[in-house]
Every structure is written in structure tokens, then in C-alpha cells.
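Architecture at a glance
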Amino acid sequence: GQTAETSIATDDTILIHDTSAGALRKMTRANFVSGVGGDNTPAWKVSGNATSVANSTATKLTINTEQFDTDNKVTSNKVTPGEGKFQVNIEIHAADNTDTHVFQIRFYKNGGWYQGAQMINRESNDVTMSLIIVSNSTDYWEVFCQQQTGSTINVNISEFSGFKLIGV
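Counting starts from 1 at the beginning of each chain's written sequence and moves along it residue by residue. Reporting in this predicted model follows two pLDDT cut-offs: at least 70 for local features of residues, and 80 or more for side-chain atom pairs to be given and counted; totals over whole chains, interfaces and linings ignore these cut-offs and use all residues. Derived side-chain values reflect all non-hydrogen atoms in the structure, with water molecules and hydrogen atoms excluded from consideration.

Geometrically, the link from Thr41 to Pro42 is a cis peptide bond, its omega value of 10° lying close to zero. Runs of H or I in DSSP of at least four residues are treated as helices and runs of E of at least two as strands, each being numbered from the N terminus. Within the element layout of this structure, Pro42 appears in the loop between helix H1 (29-34) and strand S3 (43-47). Here Ser76, not a glycine, exhibits a phi torsion of approximately 50°, which is positive. By secondary structure assignment, the location of Ser76 is in the loop between strand S7 (74-75) and strand S8 (78-79).

See below:
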């Protein structure tokens, strides 16, 4: 005659046997779940309008549109993710239709070039890059572009997204 429990409320109590003390301990579901892995936040997905990028000059790209930013980590054209391991995705787009596309994403960590991805002489105006990066509490990230087309071109961030990895 027992009714099966189909869900557990956040403030429900869970009993745990502590073998080292030989006793039962209790904690709320909220405390139990937060100690078992957590969630994939902070997480963000942003983009930006065209930025003029001069030939042979690394230029920081503008972020001005947020689709979401769970923990307010995106400010002043950079991300300050906090401590952890993160999956990061970046796509940039050359708005100008030039015959030769030679440009690259430059992912900067703490003001210096960390990693890049390059597009050379392709029919696409897009460059994409994905990486897993370890961050500490003071790190900040920015997206730059460098191009070699001979003239100034407009480049925008189509997507700059990421989330904290759990369990690694």
C-alpha cells in the first residue's frame, strides 16, 4: 500500500549512511544535488556587429548582442568565466565580399594570443573554432581577428559561446 514517489522537492530530506561514523546523516535534496557535479554554468552565447579590421592588424571584435549569459560573465567585449574547464565555440564572418579571404580568429586569454584558427583562399567568409580551456578566477577572454586581404574589411562575431564542463 505505499505510493511511489515520482519527484523529490528541493527541501525534501535524504538519508545517507556515514560509514566512518556508523550513523545516518540527512541533507536536503538541494544540498545533495549541488554537491554531485553541479550544472554547466556559467554559460553564454553572444554575437557582435561588424568591426573594421585593417590589413595585418590584430583587432578586438565587438560583442553587442546577448542571446543568454547565465551569470553575467560577458562585459566590455570580453568574458570573465571564473574558475573551471570550459567548452568554447567561436565563429567569425567577413562581411566584405573579397576575392581572397585570408583571415583568422585569434582567441586571447588575459590580453595575449592563446590560440587561433585560420581561413585561407576559400569561398567561405566564415572561420570557426572550438576549444576546451582551463580558466582560473582572474582570467578573461577576448576574440580578435587578423586578416591579410590588402585592405580594411568588416568582420563580425557570428557566435561566441561557451559553458562550464562538469565531471572533468
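Moving on from the coordinates now.
We now examine the nonpolar core. Among buried residues, the Ala, Val, Leu, Ile, Met, Phe, Trp, Tyr and Cys ones that are joined through side-chain atoms within 4.5 Å form a nonpolar core. Using a 1.4 Å probe on the protein chains alone, a residue whose accessible area is under 20% of its type maximum counts as buried, one over 50% counts as exposed, and one in between counts as partly exposed. Judged by nonpolar contacts, the single largest core of 27 residues is most densely connected at Trp44, Val88, Ile90, Ile92, Phe107, Trp141 and Phe160. Of all the elements in the fold, those that place two or more residues in this core are S3, strand S9 (84-94), strand S10 (102-109), strand S12 (126-135), strand S13 (141-147) and strand S14 (153-164). Ranked by residue count, the leading element in this core is S9, at five residues. Contacts are residue-level and defined by heavy atoms, with any inter-residue pair within 4.5 Å sufficient. Ignoring sequence-local partners within four residues, the contact set of Phe107 consists of Val88, Ile90, Gly112, Trp113, Tyr114, Gln115, Met129, Leu131, Ile133, Trp141, Glu142 and Phe160.

Any link to function would need more than the numbers given here.
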